[in-house]
Amino acid sequence: MSMQISTGASELRDITKMERIGAHSHIRGLGLDDRLEPRANSQGMVGQAKARKAAGMILKMVQEGRIAGRAMLFAGPPSTGKTAIALGMAQSLGSDVPFTMIAASEVFSLSMSKTEALTQAFRRSIGIRIKEETEIIEGEVVDIQIDRSLTGATKTGKLTMKTTDMETVYDLGTKMIDALSKEKILAGDVVSIDKSSGKISKIGRSYARSRDYDAMGADTKFVQCPEGEIQKRREVVHTVSLHEIDVINSRTQGFLALFAGDTGEIKPELRKQIDTKVAEWREEGKAEIVPGVLFIDEVHMLDIECFSFLNRALEQEMSPLVIMASNRGMARIRGTKFMSPHGLPVDLLDRVLIVSTKAYSDDEVEKIIQIRCLEEDVKMTPEASEVLVAMAASTTLRYVLNLISCAQVVARKRKAEIVDTPDVRRAYDYFMDEKRSVQWLKTQQGALVFEETADVGSEIM
Ligand SMILES: Nc1ncnc2c1ncn2[C@@H]1O[C@H](COP(=O)(O)OP(=O)(O)O)[C@@H](O)[C@H]1O
Ligand SMILES: [Mg+2]
């Protein structure tokens, strides 16, 4: 894909949309069949059958709207797919069921209190499905006329639209003009424009223009020129999160803050007003609550105040499903001197469904390596992948997955297209895994900055 650089906001969005390959980008769902039985290798998922099935059951309950205010915990060693399964769940949720993912440490930010950060995360995960009447303009485009100012900074224009019964001319602002050119709207297209949001959708090309071959692609759809009024009212349903309603209505923040992501704290009074309003809408049948999912990764990083907040928040009427993940065994609860399983206080653990994840077998590791090779577009000899599997046994799955792209770079250096055993070995030499790093540190005693010797162990595990 070639790079485009321009000042147009629409193009900018296209560039940032270019997808990178992330650690979990091969995960496309939970890989379950209709009876919620895990398939051996599907949607990027391999093994971990029990946990996937449990996740699927919970998911089903969420989708049926039967579960809210519940919590589940994935507990297991590092690299056993806790995050991957949670993301698989997210992929299987409908597009209008909100899913929020935070790492517990994000809560400790300087710009807002811990409870505010958690409240925002909770409210991001609760959707409100709202029915609204909007005005739309629907018709065939007769003509688009655009005038640029001398500097090119501002654009104005006119759009002529018609139905079989009438024709109207609309004035265009810069935003509309950009939207029209982004959607590549031409005279002869039948379009529908949402008046409040300015969103344009192309319905097809008018039959009357079916002879203009030059303006057609292979997938051109022909439609009749609409009848009746150009301006129509239509009922639309859309889902927004409670948090979005909070931000849009907060006078100090306003609409734009949503895009900047910098929302700051929101006043409790405002939230109360919004909750009351939403309750009203529900009674009038205008809105429905869609409880979503909040995923808190590395949940043992929360402290005792956060945990007590969670306890209370889970009991509220509008509460999402909370999924947590922890790789700790017996660990100290942050902010106290007490030890507890997974680093979570027992009163919270008591209301949590715990699902454990286990280390993978060699076979499973091999399959995951193959999936990642496909995802990263890396060709590898069977021998090399066997070596990686063997390495995974003494290191971790995550480490060997990281080695794939490193080994590819090594292979390319010797101008080879296919990664072979020596490339993998070399990558293994260049990059240490955790165990070797610890060994190396031991040989370096005292040479590094900030070394605590005595209770490092108890902090880490
Ligand atoms: N069952 C699985 N199927 C496919 N890929 C997996 C599976 N489990 C883990 N992975 C991949 O292995 C890597 C480590 O897993 P991750 O979910 O991050 O572990 P955890 O969160 O338990 O520490 C990630 O790249 C993840 O996508
Ligand atoms: Mg993880």
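One can find the structure itself at the top, above this paragraph.
Note that the structure is predicted; figures quoted are calculated from it, not measured. (Residues numbered from 1 in each chain as written. Chains lettered and ligands numbered in written order. Predicted model: local features only at pLDDT ≥ 70, side-chain atom pairs only at ≥ 80, totals over all residues. Heavy atoms only, no water.)

(A) Representation of a nonpolar patch on the surface. A contiguous nonpolar patch, built from Met432, Trp440, Leu441 and Leu448 and spanning about 340 Å² of accessible area, is present on the exposed surface. Here leucine 448 lies in the loop between α15 (434-443) and α16 (456-460). (Patch = residues over 30% accessible without salt bridge, like charges linked within 9 Å, V, L, I, M, F, W, Y side chains within 5 Å. Areas by Shrake-Rupley, 256 points an atom, 1.4 Å probe, with all protein chains shown as cover. Salt bridge = Lys/Arg side-chain N within 4 Å of Asp/Glu carboxyl O. Helix = DSSP H or I, 4+ residues; strand = E, 2+ residues; numbered from the N terminus.)

(B) Spatial organisation of helix α11 (residues 362-376). For α11, with 15 residues, the first-to-last C-alpha span of 21 Å sits near the 21 Å given by 1.5 Å per residue. Those residues of α11 lying buried are Val365, Ile368, Ile369, Ile371, Arg372, Cys373, Glu375 and Glu376. The inward-facing, buried residues of α11 abut β1 (41-42), β2 (45-46), β18 (379-380), α12 (382-394) and α13 (397-413). Positioned one or two residues after α11, aspartate 377 has a phi angle of 60°, which is positive. (Expected span 1.5 Å × (residues − 1). Buried < 20%, exposed > 50% of the residue type's maximum accessible area, 1.4 Å probe, protein only. Contact = heavy atoms within 4.5 Å.)

(C) Seen up close, the pattern of salt bridges. Applying the stated criterion to the full structure yields 25 salt bridges. Here glutamate 138 and lysine 232 are joined by a salt bridge, their closest N and O atoms 3.7 Å apart. Here glutamate 138, found in strand β5 (residues 126-148), pairs with lysine 232, found in strand β11 (residues 231-241); they are 94 residues apart in sequence, far enough to count as distant. With its nearest N and O atoms 2.8 Å apart, the salt bridge here joins arginine 205 to aspartate 189. Placement of the pair is arginine 205 in strand β9 (residues 200-206) and aspartate 189 in strand β8 (residues 189-194), with a sequence separation of 16 residues. Judged by relative accessible area, arginine 205 falls into the buried class, the value being 4%. Here the salt bridges do not stand alone but share partners, grouping Glu116, Arg123, Asp246, Arg271 and Asp275 into one network.

(D) The packing of helix α4 (residues 114-124) against helix α8 (residues 268-283), seen in detail. The contact between α4 and α8 brings their axes to 13 Å, and the two run at 20°. Considered as vectors, α4 and α8 are oriented roughly parallel to each other. With respect to the hand of their crossing, α4 and α8 are arranged in left-handed fashion. Side by side, α4 and α8 meet where Glu116, Thr119, Gln120 and Arg123 of the first sit next to Arg271, Ile274 and Asp275 of the second. Within the contact of α4 with α8, the residues separate by chemical class into one nonpolar, two polar and four charged. (Axes fitted to C-alpha atoms, helices over the stretch in contact; angles between N-to-C directions. Parallel < 35°, antiparallel > 145°, perpendicular 65-115°, else oblique. Left-handed = near helix turned anticlockwise from the far one by under 90°. Nonpolar A, V, L, I, M, F, W, Y, C, P; charged D, E, K, R; others polar.)

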